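Structural overview
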Amino acid sequence: MIVYPLWHVGHQNEAGEGGSHLLAEMKKPGVAGATYGLGLDRYDTTCGIRVYGNDGDALAYQAWSYSTADGRRQATVGLTSNRPADPADAVHALLDDAFCDQ
């Protein structure tokens, strides 16, 4: 098992934001009309800022980490997975607050 703190998740996004060809390919959706590419998801915030990131889970814990394309702004959300409903709406609201509240 690999254990690391949430701040590390954000650093993974930061390290990948170098404008490389590989990163550009990772941002392309794998299927037309989808938002998920080769390891990166994209989310368009309510204020029009597009962010890229990923989510993952392990042993009753889930994390979402997203970054602006230039890497200047990042947000990571962590939850326990013992929840009664899909947290997508709540996570998107938190991402909107994080990226739109400048």
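The following paragraphs examine the structure supplied in this document. (Residues numbered from 1 in each chain as written. Predicted model: local features only at pLDDT ≥ 70, side-chain atom pairs only at ≥ 80, totals over all residues. Heavy atoms only, no water.)

**A few points about the overall build of the protein chain**
On a plain count of helices and strands, the protein chain comes out with three helices and four strands. Moving toward the C terminus, one meets the helices and strands of the protein chain in the order α-α-β-β-β-β-α. The buried share among the 102 residues of the protein chain stands at 28%. Nonlocal contacts in the protein chain, meaning residues at least 24 apart in sequence, comprise 35% of its contacts between residues at least 6 apart. Total accessible area on the protein chain stands at roughly 6,600 Å², and carbon and sulfur atoms take up 55% of it. (Helix = DSSP H or I, 4+ residues; strand = E, 2+ residues; numbered from the N terminus. Buried < 20%, exposed > 50% of the residue type's maximum accessible area, 1.4 Å probe, protein only. Contact = heavy atoms within 4.5 Å. Areas by Shrake-Rupley, 256 points an atom, 1.4 Å probe, with all protein chains shown as cover.)

**Points about the state of the cysteines**
Per the stated rule, a full pass over the model turns up one disulfide. Covalently, Cys-47 is tied to Cys-100 through a disulfide, its sulfur atoms 2.1 Å apart. Its torsion about the S-S bond being -90°, the disulfide of Cys-47 and Cys-100 is classed as left-handed. Here Cys-47 is found in the loop between strand E1 (41–44) and strand E2 (50–57), whereas its partner Cys-100 is found in helix H3 (residues 88–100), with 53 residues between them in sequence. Residue Cys-47 is classed as partly exposed on the basis of its relative accessible area, which comes to 42%. Given a relative accessible area of 24%, Cys-100 falls into the partly exposed group. (Disulfide = S-S within 2.5 Å.)

**Some thoughts on the side chain of Thr-45**
Along the chain, Thr-45 falls in the loop between E1 and E2. For Thr-45, a relative accessible area of 5% gives the class buried. A distance of 2.9 Å separates a polar atom in the side chain of Thr-45 from the backbone nitrogen of Ile-49. (Polar contact = N/O pair within 3.5 Å; in protein donor to acceptor, adjacent residues only side chain to side chain.)

**A closer look at the sheet that holds E1**
Pairing is antiparallel across the open sheet formed by four strands, whose spatial order is E1-E2-E3-E4. Two strands lie at the open edges of the sheet, namely E1 and strand E4 (74–80), each paired on one side alone. Direction aside, the axes of adjacent strands within the sheet are offset by 25° on average. Contacts from H3 reach E1, E2, strand E3 (61–68) and E4, with the element oriented near 155° to E4. (Pairing = 2+ DSSP bridges. Axes fitted to C-alpha atoms, helices over the stretch in contact; angles between N-to-C directions.)

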